[in-house]
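The residues making up each chain are set out below.
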Amino acid sequence: MSVEYILFVLRVVFIFVLYFFIIMIARVLSREITTPADTRAATSAVVPPGRRGAVIPGRAYLVMVDGAESGILRGTALPVTSGTLVGRAAGADVQIADAYTSSEHARFRSAGDRWMLDDLESMNGSYVNGQRIRGSQPLADGDTVQLGRVVLQFMLRPPV
């Protein structure tokens, strides 16, 4: 084998690796470009008020609307009490195994008769009804909450 042949093969391999790298960057960027407004189609799975149980003081529910790659099925109801930590970490009260969710992404807490969502300075942000929040945001029954790419519906009444 000649040196010219080996150099030709190395050039071809380099070009394939370069194109593969460019394609992988394009895939990541296409996921990043998706805005919370693009998730509005996913919110069609919200539970209507007529299909809910009674209000239980000190308890709320998160219903999975779009689990992204978390492995949690659509429609799964996750109980929330005051101080519930949501994130990817093993110590989180509600674990969401999605790459776009921070280890300690957000905290749900009750303040009197109101519920609040505290964004814990997560990298990809927390959104309530499509609006990015900073710090704390009051929640109402039926609000859509997005943590990273995961979309949840906040409910004061358990789904039936």
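Scroll up for the structure.
Residues numbered from 1 in each chain as written. Predicted model: local features only at pLDDT ≥ 70, side-chain atom pairs only at ≥ 80, totals over all residues. Heavy atoms only, no water.

Peer 1: Is there a simple way to think about the pairing of strand E3 (residues 84-87) in this case?
Peer 2: On a regular strand, one side chain projects to one face of the sheet and the next to the other, so that they alternate. Of the two faces of E3, the one carrying Thr84 and Val86 and the one carrying Leu85 and Gly87 are both buried. Examined bridge by bridge, E3 and strand E5 (residues 106-111) share three bridges and lie antiparallel to one another. Its bridge partner being in E5, Thr84 is matched across the sheet by Phe108. Looking at chain direction, E3 and strand E4 (residues 94-95) are connected through two bridges and run parallel. Counted as the bridge partner of Gly87 is Gln95 from E4. (Buried < 20%, exposed > 50% of the residue type's maximum accessible area, 1.4 Å probe, protein only. Helix = DSSP H or I, 4+ residues; strand = E, 2+ residues; numbered from the N terminus. Pairing = 2+ DSSP bridges.)

Peer 1: Just to check I follow, could you spell out the pairing of strand E6 (residues 114-119) for this structure?
Peer 2: Most of E6 is tucked away, with five of its six residues classed as buried. By the bridge criterion, six bridges tie E5 to E6 in an arrangement that is antiparallel. Within the sheet, the bridge partner assigned to Ala106 lies in E6 and is Asp119. Between E5 and E6, which pair antiparallel in sequence order, lie two residues; one of them, Gly112, sits at a positive phi of approximately 70°. Of the strand pairs in this sheet, E6 and strand E9 (residues 136-139) are connected by four bridges, and their pairing is antiparallel.

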